[in-house]
Amino acid sequence: MIGLDDLYLSPMNPRQTHDEASIALLADSLVTCGLMQNLGGYRDGEGRVGIVFGGRRLAALRIAVARRPDLAHVPVALAPDEDTARLWAGSENIAREALAPADEIRAYGRMRDSGATVAQIAQAFGVTEAHVYRRVKLADLPPFVLDALAAGKIGLGIASAFTVSQDTELSQQVLARVLSSSWALSEHEVRKMLQPEAVGLTDRRVRFVGEEAYVAAGGHLTRDLFSDAVFFEDVGLLDRLFAEKLEAAAEAERSREGWAWARKVDQSYFGSEAMDDLLGRGFARVYPVPVDLSEEETEEYGRLADLDHEGELDEAGEARMAELDAKSEAYLPDQKAVAGVCVYVDHSGTIRRMDGLVRAEDVPAAVEAGVIEARSTSAQTEAPAAPKSPYSGALVEDMKAIRLAAVQTALLDCPEMVLNLLAFGLSTASGVGTSIFDLQPGCPMNAPKEREGLIFSERLAHPPRSYEAWSRPDLRCDDLVAAFREFVEQGKKARNAAITEGIARTLPYAAAEPNFFAMIEADSGASIRKVWTPTAANFFGRVSGAYLDDLFASLIDADASDSRVKAFRDKKKKEKADAMERLFGEPEYQAALGVTADQKARIATWVPDCF
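For every chain, the first residue of its written sequence is number 1, and the numbers climb from 1 along that sequence. With the structure being a predicted model, the display of local features is reserved for residues of pLDDT at least 70 and the display and counting of side-chain atom pairs for 80 or more, all residues being used for whole-chain, interface and lining totals. Side-chain measures here rest on the full set of heavy atoms in the structure, leaving out hydrogens and waters.

What to know about the overall build of the chain
Point 1. A tally of regular secondary structure across the chain gives 30 helices and 14 strands.
Point 2. For the chain, the residues scored as buried account for 39% of the 611 residues in total.
Point 3. Any two residues whose heavy atoms approach within 4.5 Å at even a single point are treated as in contact. For the chain, the share of sequence-separated contacts (at least 6 apart) that also reach a separation of at least 24 residues comes to 69%.
Point 4. Working definition of accessibility: Shrake-Rupley area with a 1.4 Å probe, residue cover restricted to the visible protein chains. As displayed, the chain offers around 33800 Å² of accessible surface, 52% of which is attributable to carbon and sulfur atoms. Under the DSSP-based scheme used, a helix requires at least four consecutive residues in state H or I and a strand at least two consecutive residues in state E, with every element numbered from the N terminus. Buried means the residue's accessible area, taken with a 1.4 Å probe over protein chains only, is under 20% of the maximum for its type, while exposed means over 50%, and partly exposed covers the values in between.

As structure tokens, this is what we get:
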């Protein structure tokens, strides 16, 4: 029998927190019935006893003793040694009720730190060693991550994602984003936020350079404790190793094949666009000439072609046929003397080549050698190709998403229009097969990857996907009848708002056809600039410096001789992007540049012409 004043909750006890309401109920039970089961503990060096099982009872006893003084001394089973105490702590608690994941992780971590093996922890808690290994991997997570797990704010999957980060400050920032997000972020998204610069094993640079060479050069790796994923953190080093290896590979290709030159190209695909760019800069191209196969090889090729036609050619046959194809044509020595190759690495990390390219300065020599024909006068005087668009494909898609968000935002305030559009789209008046709203319901992209500068209404956030319901009880509806009755009681205003929001956010980009979408945009009063302001991050940093030069001059009505334009052109690309952001967002900066009222109005309504 030991007095309550000499008892405390032992750190060995896996249950370090308790629900106050349940403790109060247990205290009432103790007042009525007394203590029906003893506590278990271990006496420390100071003579006090740390309770390793019965922590809830101890908390309730401290409340109940005020009404039942006889509970001031209670029976406690004392462990003979610390190892036995740990065994009790695990076994008694796990047998009574499964621990919450956060409590389990912390308990396993404490036992590991005190010297217990995985096998001992598994025995104490009555679980498999594999289960202990999975939990112990999370024991070194920052306390605030485990606190969020314990509070049910994140699940085990999201918690495990934080094991890839050793940066406590970054982990706090990412957790804040996870908790404040209006939709559930995936584990992959969280890992990406925790490793913003790192690249994985599927990156072509990693595949080409190799993990061994990267580590040998001093590169740092981070391994995901819950998968086979490996992250290469020193991207600058990886880029250098990639460039050096590609340079060496290009020289090796040139030397082996006997080309006049070889150039490394930092792209993963050398298609028609890249070729058109070279030809537009005066390059020419030579092609291999046919080479007669031997009689035996010709017969073999015929047999393989027949099998291929009948769909019976195996992998070995395909390889042999490709070998004979390559052998049936070749570049001649006089072609190689004036031509070269572009060497690049594809997505799989494999070296690829584009052969037979003649540089502009070598074209006269190639013509003189009879390798290529002289270009005709008409070809030389052809109109130049249309200038390349200043907007990348990714930027155009982001701008489309912003435009769609603007239209959907306007529709939120136009419920009658939404209902009219819905009725029109569902009737035959709109024609058979016309789709105005994506009513599956779909989730058209209405938020760009770069959200800075976008005022995004949470009413447009797409609800979680249905498949998430199995792992998130908060997404399930267990009583549809009751839920429906409650929804109807909110009235028509709430119903109409739900319809408007639900329908508006399913409007896809260019619904039905572009002119019709433009009509919706105009009639709803939508405006991109009502919801979006261009910034260095979301736009200006994603276009060329020359584009920014022209845009800056046009917005302030200045020509190339204007001192403001000259000063702007002298800036570095990042400085230009930052200056454009200030031009669009800082009245003081506009005043310093002498921007007029008309120019301010133009800046306030400007959108890129990329739609």
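So, the sheet that holds strand β9 (residues 261-264)
Point 1. For two strands to count as paired, DSSP must find a minimum of two bridges between them. Across the sheet, which stays open at both edges, the four strands sit in the order β9-β13-β14-β10 with mixed pairing between neighbours. Every other strand in the sheet has two partners, leaving β9 and β10 (284-285) as the edge strands with one partner each.
Point 2. Strand contacts of helix α13 (residues 235-257): β9, β13 (340-345) and β14 (351-358), with the helix running at about 160° to β9, the strand carrying the most contacts. Axis lines are fitted through C-alpha atoms, for helices just across the contact stretch, and the angle between N-to-C directions can take any value from 0 to 180 degrees.

Overview of unusual backbone geometry
Point 1. A positive phi angle is found at Asp557, which is not glycine, with a value near 55°.
Point 2. Relative to the elements of secondary structure, Asp557 occurs in the loop between α26 (545-555) and α27 (563-569).

Overview of the packing of helix α20 (residues 393-412) against helix α24 (residues 514-523)
The relative placement of two packed helices is expressed as an angle between their axes plus a distance between the axes.
Point 1. The N-to-C vectors of α20 and α24 enclose an angle of 50°; their axes lie 9 Å apart at closest approach. Judged on the interaxial angle alone, α24 and α20 are oblique. Taken as a pair, α20 and α24 cross one another with a handedness that is left-handed. Contact with α20, carried on its side by Arg403, Leu404, Val407 and Leu411, involves Phe517, Ala518, Ile520 and Glu521 of α24 and no other residues of that element.
Point 2. Within the contact of α20 with α24, the residues separate by chemical class into six nonpolar, no polar and two charged. Any angle that is under 35 degrees is reported as roughly parallel, and any over 145 degrees as roughly antiparallel; angles of 65 to 115 degrees are reported as roughly perpendicular and all others as oblique. Take the far helix as the reference: if the near one is turned anticlockwise from it by less than a right angle, the crossing is left-handed, and if turned clockwise, right-handed. Each residue is assigned to one of three groups, with Ala, Val, Leu, Ile, Met, Phe, Trp, Tyr, Cys and Pro labelled nonpolar, Asp, Glu, Lys and Arg labelled charged, and all others, Gly among them, labelled polar.

Here we look at the side chain of Ser524
Point 1. Tracing the sequence through the fold places Ser524 in the loop between α24 and α25 (528-531).
Point 2. Only 2.8 Å separates the side chain of Ser524 from the backbone oxygen of Ile520, close enough to count as a polar contact.
Point 3. If sequence neighbours within four positions are ignored, Ser524 has contacts with Val407, Ala410, Leu411, Cys414 and Met417. In protein, a polar contact requires one atom able to donate a hydrogen and another able to accept it; more generally it is a pair of N or O atoms within 3.5 Å, and residues adjacent in sequence count only if both atoms are side-chain atoms.

Observations regarding the packing of helix α1 (residues 20-33) against helix α2 (residues 55-64)
Point 1. Here α1 crosses α2 at 65°, and the two axes come no closer than 8 Å. One element, α1, and the other, α2, form an angle in the roughly perpendicular class. Handedness of the crossing formed by α1 with α2: right-handed. On α2, the residues that touch Ser22, Ile23, Leu26, Ala27, Leu30 and Val31 of α1 are Arg56, Arg57, Ala59, Ala60, Leu61, Ile63 and Ala64.
Point 2. Of the residues assigned to the contact of α1 with α2, the class counts are ten nonpolar, one polar and two charged.

A word on the nonpolar core
Point 1. Joining through side-chain atoms within 4.5 Å is the link that ties buried Ala, Val, Leu, Ile, Met, Phe, Trp, Tyr and Cys residues into a set, and such a set is a nonpolar core. The biggest cluster of nonpolar side chains holds 54 residues, and the ones touching the most others in it are Phe539, Met580 and Leu583.
Point 2. The greatest single-element share of this core, amounting to ten residues, is contributed by α20.
Point 3. The residues touching Met580, leaving out its near neighbours within four places in the chain, are Phe540, Leu548, Leu551, Phe552, Leu555 and Phe568.
Point 4. Grouped together as the second largest cluster of nonpolar side chains are 28 residues, Val206, Phe242, Ala339 and Ile372 included.

What to know about the environment of Gly152
Point 1. Along the chain, Gly152 falls in the loop between α7 (143-150) and α8 (156-161).
Point 2. Judged by its relative accessible area of 59%, Gly152 falls in the exposed class.
Point 3. With 51 residues separating them along the chain, Gly152 and Pro101 place their C-alpha atoms 9.9 Å apart.

A look at the pairing of β14
Every other side chain in a regular strand lies on the same face of the sheet, so the side chains alternate between the two faces.
Point 1. Relative to β14, β10 runs antiparallel, the two sharing two bridges. Across the sheet, Arg285 pairs through a bridge with Leu357, a residue of β14.
Point 2. Two elements, β13 and β14, share five bridges in a ladder whose sense is antiparallel. Looking at the pairing, Gly340 lines up with Leu357 of β14.

As for the pattern of salt bridges
One side chain can pair with another of opposite charge once the charged atoms of both are near each other.
Point 1. Note on definitions: salt bridges are taken to be side-chain nitrogens of Lys or Arg within 4 Å of carboxyl oxygens of Asp or Glu. For the coordinates displayed, the defined rule picks out 35 salt bridges.
Point 2. Taken together, the shared-partner salt bridges connect Glu253, Arg256, Glu257, Lys336, Arg353 and Asp355 into one network.

Concerning the sheet that holds strand β4 (residues 49-53)
Point 1. Strand order in this open sheet of four strands is β2-β4-β3-β6, and the pairing throughout is mixed. Strands with a single pairing partner mark the edges of an open sheet, and in this sheet they are β2 (7-9) and β6 (76-78). In this sheet, adjacent strand axes meet at a mean angle of 45° when their direction is disregarded.
Point 2. Along the sheet, α2 makes contact with β2, β3 (39-43) and β4, crossing β2 at roughly 125°.

Description of the confidence of the model for the chain
Point 1. The predicted model of the chain averages 81 in pLDDT, with 87% of residues at 70 or higher.
Point 2. Mean pLDDT across the elements of the chain bottoms out in helix α19 (residues 377-380) (40) and peaks in β6 (94). What pLDDT conveys is the predictor's confidence in a given residue, as a value from 0 to 100.

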